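Close look at the chain arrangement
Letter by letter, the chains look like this.
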Amino acid sequence: MVTGTTRVFCVLGHPVAHSVSPAMHNAALGELGLNGVYVAFDVAPESLSEAVRGLRALGVGGVNCTIPHKEALLPIVDRLSDDARLIGAVNTLVFTPTGIEGHNTDAPGFLAALRAAGGEPDGASAVVLGSGGSARAVVVALARRGARITLVNRTVGRARVLADHVNAAFPDVPVRVVESGSAAVAEAVRAARLLVNTTSVGMHPHEDELPELPLDAVHPGLFCFDLIYNPLETRLLREIRARGGRGSHGAGMLAHQGALALTLWTGHEAPAALMEQIVLQSLSR
Ligand SMILES: NC(=O)c1ccc[n+]([C@@H]2O[C@H](COP(=O)([O-])OP(=O)(O)OC[C@H]3O[C@@H](n4cnc5c(N)ncnc54)[C@H](OP(=O)(O)O)[C@@H]3O)[C@@H](O)[C@H]2O)c1
């Protein structure tokens, strides 16, 4: 029941109508027995700064941010967490008496989801497909766990920029960039324990598409984490499983990044498994 002391939490996006965050966060708040409500606000880019200041003035309990606001928040917040600075994007705001903190829970959310699904990042040889926004969080997360990363992207220059950035922060295990479609990709996949798809190839409504990958290099020891969660079973996951490999969709990452944000706001350990269940239910509607 909403009362005079109900804390409000929200997600800012543009568009945001299809976000599953309200469903998963409201379920989690209920499970934790907290008097809170989580809503979605469609905020145009030109109103972002004003919206954030207004939410702080209103005493809102916490804010998530999604496309297209993640990078635009960097200059708006007063302090950045190490991950937000490294990844170059903010997905969670925490309002404190001394200012607005910008956090990024995508990297630890990815690691938690990967482990929960049976993948092991520590010291793994990993091939990461893509070099966009989500790849930054994935590569930072894997570099932190000492993974030996090979980065493959359609636009090779973008992969090089990401690799240089991460190598400056984690010089011990350098990220290697190989040309998409080259023999070096097949070699890297054969040697890999982990394959992470951070491209949008295969996402609804293009379910028939497959990221460029030498399928004959796929082996039963390969675990594929596909960040895509719509559809839950991408063509990539089907091709990996058909060759004896294992894999997971990205719904767990969505749930775990949300759970970590809720913990930052409330100090309570969030029910990540329940949140994932709600994500899956929302997606299958
Ligand atoms: N599970 C989660 O919690 C979660 C979180 C974030 C994102 N995601 C999913 O991850 C995917 C990527 O999101 P993002 O934010 O990283 O997007 P983004 O910043 O736009 O990056 C897209 C990436 O996909 C590549 N790409 C796009 N179309 C391609 C094509 N036709 N052929 C080859 N490569 C192509 C791009 O390559 P170029 O650099 O060459 O353009 C780039 O590397 C989306 O499906 C999104 O839903 C999931």
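Residues numbered from 1 in each chain as written. Predicted model: local features only at pLDDT ≥ 70, side-chain atom pairs only at ≥ 80, totals over all residues. Heavy atoms only, no water.

**Quick notes on the domain arrangement of the protein**
Annotation of the protein at the domain level lists domain 1 (7-104 + 257-283) and domain 2 (108-249). For domain 1 versus domain 2, the separation of C-alpha centres amounts to 26 Å. Facing the 10 residues of domain 1 at the interface are 12 residues of domain 2. Across the interface of domain 1 and domain 2, roughly 980 Å² is buried in total on both sides, 69% from carbon and sulfur atoms. Counting the surface domain 1 buries against domain 2, the share from its top three residues, L86, I87 and L283, is 54%. Counting the contacts that link domain 1 with domain 2 gives one salt bridge. Of the charged contacts, one joins D83 and R144 as a salt bridge, the two residues approaching to 2.6 Å between their closest N and O atoms. Going through the elements one at a time, helix 3 (82-87), helix 9 (251-266) and helix 10 (272-283) are the ones with two or more residues in the side of domain 1 that touches domain 2. When grouped by side-chain class, the residues that make up the side of domain 1 that touches domain 2 number five nonpolar, three polar and two charged. (Domains from an automatic or database assignment. Contact = heavy atoms within 4.5 Å. Buried area = accessible area lost by both parts, 1.4 Å probe. Salt bridge = Lys/Arg side-chain N within 4 Å of Asp/Glu carboxyl O. Helix = DSSP H or I, 4+ residues; strand = E, 2+ residues; numbered from the N terminus. Nonpolar A, V, L, I, M, F, W, Y, C, P; charged D, E, K, R; others polar.)

**Comments concerning the pattern of salt bridges**
Inspection of the entire model under this criterion finds nine salt bridges. Ionic pairing is found between R243 and E239, a salt bridge with its closest N-O pair at 2.9 Å. For R243, a relative accessible area of 31% corresponds to the partly exposed category. Each of R115, D122 and R145 takes part in a single network of salt bridges with overlapping partners. (Buried < 20%, exposed > 50% of the residue type's maximum accessible area, 1.4 Å probe, protein only.)

**Thoughts on the site of the ligand**
The local shell around the ligand holds 20 residues, among which S134, N153, R154, T155 and R158 are the closest. Interatomic distance of 2.9 Å between a backbone N/O atom of G133 and an oxygen atom of the ligand. Residue N153 places a side-chain N or O atom 2.8 Å away from an oxygen atom belonging to the ligand. When the free accessible area of the ligand is taken as 920 Å², the share hidden by the protein chains comes to 73%. When residues of the shell around the ligand are traced back to their parent elements, those giving at least two are helix 5 (133-144) and helix 9. (Near = heavy atom within 4 Å. Polar contact = N/O pair within 3.5 Å; in protein donor to acceptor, adjacent residues only side chain to side chain. Areas by Shrake-Rupley, 256 points an atom, 1.4 Å probe, with all protein chains shown as cover.)

**Section: the packing of helix 4 (residues 106-116) against helix 5**
The N-to-C vectors of helix 4 and helix 5 enclose an angle of 65 degrees; their axes lie 8 Å apart at closest approach. Comparing the axis directions of helix 4 and helix 5 gives the class roughly perpendicular. The way helix 4 lies across helix 5 gives a crossing that is right-handed. Within the contact between the two elements, helix 4 uses D106, A107, F110 and L111 and helix 5 uses A137, V138, A141 and L142. Here the contact of helix 4 with helix 5 is built from residues that sort into seven nonpolar, no polar and one charged. (Axes fitted to C-alpha atoms, helices over the stretch in contact; angles between N-to-C directions. Parallel < 35°, antiparallel > 145°, perpendicular 65-115°, else oblique. Left-handed = near helix turned anticlockwise from the far one by under 90°.)

**Some points on the side chain of H69**
For H69, the location among the structural elements is in the loop between strand 3 (62-65) and strand 4 (79-80). Judged by its relative accessible area of 1%, H69 falls in the buried class. A distance of 2.9 Å separates the side chain of H69 from the backbone oxygen of V43, its partner in a polar contact. Excluding anything up to four places from it in sequence, H69 contacts L12, G13, H14, V43, A44, P45 and L48.

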